[in-house]
Amino acid sequence: MCLVIPKQYESSLGIIETQQAIKDLKDFFENRLGDILKLTRVSSPLFVLPETGMNDNLNGVESPVSFEIPYMRKNAEIVHSLAKWKRMALKKYDFSVGRGIYTDMNAIRKDEELDNIHSIYVDQWDWELILNKEDRTIDTLKKTVKALYKVFKETEEHVHEIYPEIKCFLPEEITFITSQELLDRYPGLTPKEREDEITREKGAVFLMQIGKDLSTGEKHDGRSPDYDDWELNGDILFYNPVLDSAIELSSMGIRVDEESLERQLKLAHCEDRKELEYHKALLNGELPYTIGGGIGQSRICMYFLNKAHIGEVQVGIWPEEMINECKTAGVHLL
């Protein structure tokens, strides 16, 4: 996705008012997220040791920012996300089934291609909830997505109540569709184009089973093989009328168990990871079964405040030509 400048764009809120709205929106969303999913807020790391295997490999091509710790004679990596760390934390803190954690996650993804919705700085709520193994099902996944969607709906209504000039767009219910069903529906389109079309039609979609091969032999999108179960995961996508395209606000899923980890590591040719600390613990049955995900903080602010660029709600680094083009169009990057 390249830079998109909406025609006759004008932000509903000024810069200072936007800052106030961001805080109010985040406070409301965070509180409702914790209440509805029964999550306790915890502290989390900004960096991890690579030999633990706890960093998120994302699509498998992104390289983490790393630095040397002279005192330890080791290198550390800035996290990409906390998908694996959270399972270790749930075990360490001895949480019970039906309870979970959430945390503020800050990361640097230096390989991102910068555009309206992508920044090298990532801020999200990472959350994780303990399940019984028998509850690792599509029904559990859908039930959790519906609970999260309730938080999104309540947040939209909350923002509109405070700022009536901010429009509401979300439908009453979220639509569920698999990546293969989406391909069958729009066989001539690219994955991104398919997401745009389905969200234009439905408004809010949970796109399931991301990471597995489709009938074409290709994937809808890449997923690391060692956190989500590719049969039990997905992305929450909303239609963004400001940009006339889909925007992903959350990636989540039921996490791999011993069997799905073995299978997915083999499919991804990553069986060497079985020697890492996290993977050994999982394969030995030492970690709880969980469902979890990440929810983009800047992205939900961008969406619910009807902004055209993520740089309107977070301070980032942008190419000079992007800054100038946005300024000319009335898009004020922070």
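The paragraphs below set out a description of the structure included in this document. Bear in mind that the values here come from a model prediction, so they are computed numbers and not experimental data.

Within this structure, the stated rule accounts for 31 salt bridges. Here R41 and E30 are joined by a salt bridge, their closest N and O atoms 3.5 Å apart. Placement of the pair is R41 in strand β1 (residues 39-41) and E30 in helix α1 (residues 15-37), with a sequence separation of eleven residues. For E30, a relative accessible area of 16% puts it in the buried group. Note that R200 is salt-bridged to E197, the shortest N-O span being 2.7 Å. On the criterion of helical spacing, the pair formed by R200 and E197 is a turn pair, its members being three residues apart in helix α5 (residues 191-202). Of the residues examined, E197 reaches a relative accessible area of 32% and is grouped as partly exposed. A network of salt bridges, in which partner residues are shared, links K86, D126, E128, D228 and R255.

Quick look at the sheet that holds strand β3 (residues 66-69) now. The strand order β2-β4-β3 describes an open sheet built from three strands, whose pairing is antiparallel. Taken across any chain shown, the strands that pair with only one partner, and hence form the sheet edges, are β2 (47-48) and β3. For β3 and strand β4 (residues 74-78), the ladder comprises four bridges, and the chain directions are antiparallel. Paired with I69 across the bridge in β4 is K74.

Let us now look at the pairing of strand β11 (residues 289-296). Burial within β11 is extensive, with eight of its eight residues counted as buried. The alternating pattern of β11 places Y289, I291, G293 and I295 and T290, G292, G294 and G296 on opposite faces, both of which are buried. Relative to β11, strand β10 (residues 245-255) runs antiparallel, the two sharing five bridges. Paired with S250 across the two strands is I295, which belongs to β11.

A complete count under the given rule lists ten aromatic pairs for this structure. Ring plane angle 70 degrees and centroid distance 5.9 Å describe the contact between F176 and F206, whose orientation is recorded as edge-to-face. Taken together, the positions of F176 in strand β7 (residues 175-178) and F206 in strand β8 (residues 204-208) put the pair 30 residues apart, joining distant regions of the chain. Take F206: its relative accessible area is 0%, and that puts it in the buried class. Geometrically, the ring pair formed by Y303 and F304 is edge-to-face, given 5.1 Å between the ring centres and 75 degrees between the ring planes. Judged by relative accessible area, Y303 falls into the buried class, the value being 3%.

Along the polypeptide, L39 turns up in strand β1. With 59 residues separating them in the primary sequence, L39 and G98 have C-alpha atoms 9.2 Å apart. Not counting residues up to four positions away in its chain, the partners in contact with L39 are L33, G34, G100, I101, Y102, W127, E128 and L129.

This next bit is on the side chain of S260. When you line up the elements, S260 lands in helix α6 (residues 258-267). Of the polar contacts made by the side chain of S260, one reaches the side chain of D257; its length is 2.7 Å. Residue contacts for S260: discarding those within four places in its chain leaves R136 and D229.

What counts and what doesn't
Residues numbered from 1 in each chain as written. Predicted model: local features only at pLDDT ≥ 70, side-chain atom pairs only at ≥ 80, totals over all residues. Heavy atoms only, no water. Salt bridge = Lys/Arg side-chain N within 4 Å of Asp/Glu carboxyl O. Helix = DSSP H or I, 4+ residues; strand = E, 2+ residues; numbered from the N terminus. Buried < 20%, exposed > 50% of the residue type's maximum accessible area, 1.4 Å probe, protein only. Pairing = 2+ DSSP bridges. Phe/Tyr/Trp six-rings, centres within 6.5 Å; stacked < 30°, edge-to-face > 60°. Contact = heavy atoms within 4.5 Å. Polar contact = N/O pair within 3.5 Å; in protein donor to acceptor, adjacent residues only side chain to side chain.

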